Amino acid sequence: LEPFQVQALAETLHDIIHELGRDWDKVHPFVEMIVKSTTGNNKLKKEELLQIGDNMPDAVKVLCGVETRTYNKRNVQVGKELQKLCNFGKDRLYTFNVVFGTFDEDQSGELDKEEWKKLAQQLMLFPNAPTHTLELFFDIFDYDGGGTLSYIELSTALCVISIGTGTEKLEYIYDIYKTKSGGRFTMKTLNETLDMIKSIAFALGRNGNVVEDFRKAVVSRPEIELHGELNKSEFTWLASKVTSFVDMLAAGNYSSQNAGREVKKIKIKKLSEM
């Protein structure tokens, strides 16, 4: 790329990252580095761009909109094993919301591995799961290797794994992310939500790419841009139109075969709220 093309790329990335509500602070050093590489009228080669990306994995994660961690076969196998052992639905998820703080011994808003194991065992989330399996579950979703998982990371992962329809899971996810965002479910909140769901889906061996189908469906709605946020009925109603996304969330509990019935229920609910 010529220097002027790199500059145009930098400006475009700046605009897109902000438009998607992603973390510009993590991408900014990457952009600065590629611009500096063209100092003295030098061209930027593809190999150089890839090398800069390799040295800045956090920036690449933000650019991709999904964690780029490799989900090896062992991780996926653990995820599938936990789904078979899963013994909870939406009621236990809301119980998890209530009791999370009691297991967060240092009140950091996060659980370490020992706190997580105590919570999982006391709530009987995965009956008969060996301690080692619970530890592997923790490691799979500890993306940054920091040794802790936040409430939002754990609640989203447990929701996707849980037993229930896609709509039930979306309603739960909407509630926790809206609360996290101060009572508003904006486009920024939506993108944070979908990025998290996508990374969790891949970790569980599901097709996380269908998340992008739903993201496109939302962005294409003119009223979303007008109001700047989504209410719960809009969120679930739009999702119902992307059957592959809802089916992925349910992982067998919500089939395409009865998608039509679910859509009718959502439409009736939406009309009753108008």
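Residues numbered from 1 in each chain as written. Predicted model: local features only at pLDDT ≥ 70, side-chain atom pairs only at ≥ 80, totals over all residues. Heavy atoms only, no water.

## Points about the packing of aromatic side chains
Okay, so step 1: Throughout the structure, instances matching the rule amount to 13 aromatic pairs.
Okay, so step 2: Aromatic pair Phe214 and Phe235: ring centres 5.7 Å apart, planes at 70°, arrangement edge-to-face. Taken as a pair, Phe214 in helix α12 (residues 210–219) and Phe235 in helix α14 (residues 232–240) lie far apart in primary sequence, 21 residues in all. Here the two residues Phe214 and Phe235 agree in accessibility, since each one is buried.
Okay, so step 3: An aromatic cluster is present here, built from Phe88, Trp116, Phe126, Phe137 and Phe141 joined pairwise through their rings. (Phe/Tyr/Trp six-rings, centres within 6.5 Å; stacked < 30°, edge-to-face > 60°. Helix = DSSP H or I, 4+ residues; strand = E, 2+ residues; numbered from the N terminus. Buried < 20%, exposed > 50% of the residue type's maximum accessible area, 1.4 Å probe, protein only.)

## Let's talk about the packing of helix α9 (residues 151–161) against helix α10 (residues 166–180)
Okay, so step 1: Where α9 contacts α10, the two axes come as close as 10 Å, and the packing angle between them is 175°. In this view, α9 runs roughly antiparallel relative to α10, as classed from their interaxial angle. Contact with α9, carried on its side by Tyr151, Ile152, Ser155, Thr156, Cys159, Val160 and Ile161, involves Lys169, Tyr172, Ile173, Ile176, Tyr177 and Lys180 of α10 and no other residues of that element.
Okay, so step 2: Class assignment for the residues of the contact of α9 with α10 results in 9 nonpolar, 2 polar and 2 charged. (Axes fitted to C-alpha atoms, helices over the stretch in contact; angles between N-to-C directions. Parallel < 35°, antiparallel > 145°, perpendicular 65-115°, else oblique. Contact = heavy atoms within 4.5 Å. Nonpolar A, V, L, I, M, F, W, Y, C, P; charged D, E, K, R; others polar.)

## Observations concerning empty space enclosed by the protein
Okay, so step 1: The final tally for this structure, using the stated rule, is 1 cavity of 30 Å³ or more.
Okay, so step 2: Estimated volume of the largest cavity: approximately 30 Å³.
Okay, so step 3: Lining the largest cavity are Lys90, Leu93, Cys159, Ser162, Ile163, Gly164, Glu168 and Lys169. (1 Å grid on protein atoms, 1.4 Å probe; cavity = no way out; pocket = protein on both sides within 12 Å on 5 of 7 lines; lining within 4 Å. Points joined across faces, edges and corners; volume = space filled by probe spheres on them.)

## So, the packing of α12 against helix α15 (residues 243–250)
Okay, so step 1: Across the interface, α12 lies against α15 with an axial gap of 8 Å and an inter-helix angle of 135°. Relative to α15, the element α12 is oriented oblique. Taken as a pair, α12 and α15 cross one another with a handedness that is left-handed. Residues Val210, Val211, Asp213 and Phe214 of α12 pack against Ser244, Phe245 and Met248 of α15.
Okay, so step 2: Per-class residue counts for the contact of α12 with α15 are 5 nonpolar, 1 polar and 1 charged. (Left-handed = near helix turned anticlockwise from the far one by under 90°.)

## Describing the pattern of salt bridges
Okay, so step 1: Within the structure shown, the criterion is met by 12 salt bridges.
Okay, so step 2: Two residues, Asp175 and Lys232, come together in a salt bridge whose shortest N-O distance is 3.0 Å. In this pair, Asp175 sits in helix α10 while Lys232 sits in helix α14, placing the two residues 57 residues apart along the sequence.
Okay, so step 3: The partly exposed category is assigned to Asp175, whose relative accessible area is 24%.
Okay, so step 4: Relative accessible area serves as the criterion here: at 28%, Lys232 is assigned to the partly exposed category. (Salt bridge = Lys/Arg side-chain N within 4 Å of Asp/Glu carboxyl O.)

## Some points on helix α2 (residues 24–36)
Okay, so step 1: Under the 1.5 Å per step criterion, the end-to-end length of α2 is 18 Å for 13 residues, consistent within 8% with the ideal 18 Å.
Okay, so step 2: Turning to α2, its buried residues are Trp24, Val27, Phe30, Val31 and Ile34. Buried residues of α2, viewed axially, fall in a sector of 125°; they line one side. Residues of α2 that are exposed and point more than 90 degrees away from the buried face comprise Asp25 and Lys36. (Expected span 1.5 Å × (residues − 1). Arc of directions from axis to C-beta.)

## A short note on the nonpolar core
Okay, so step 1: Among the nonpolar cores identified, the biggest contains 60 residues, and Trp116, Phe126, Phe214 and Phe245 are the most heavily contacted of them.
Okay, so step 2: Excluding residues that lie within four positions of it along the chain, Trp116 makes contacts with Leu111, Leu125, Phe126, Leu134, Phe137, Phe138, Leu154 and Leu158.
Okay, so step 3: Counting residues in each nonpolar core, the second largest holds 14 residues, with Ala10, Phe30, Val31 and Ala59 among its members. (Core = buried A, V, L, I, M, F, W, Y, C linked by side-chain atoms within 4.5 Å.)

Function-wise, these values are silent; they only describe arrangement.
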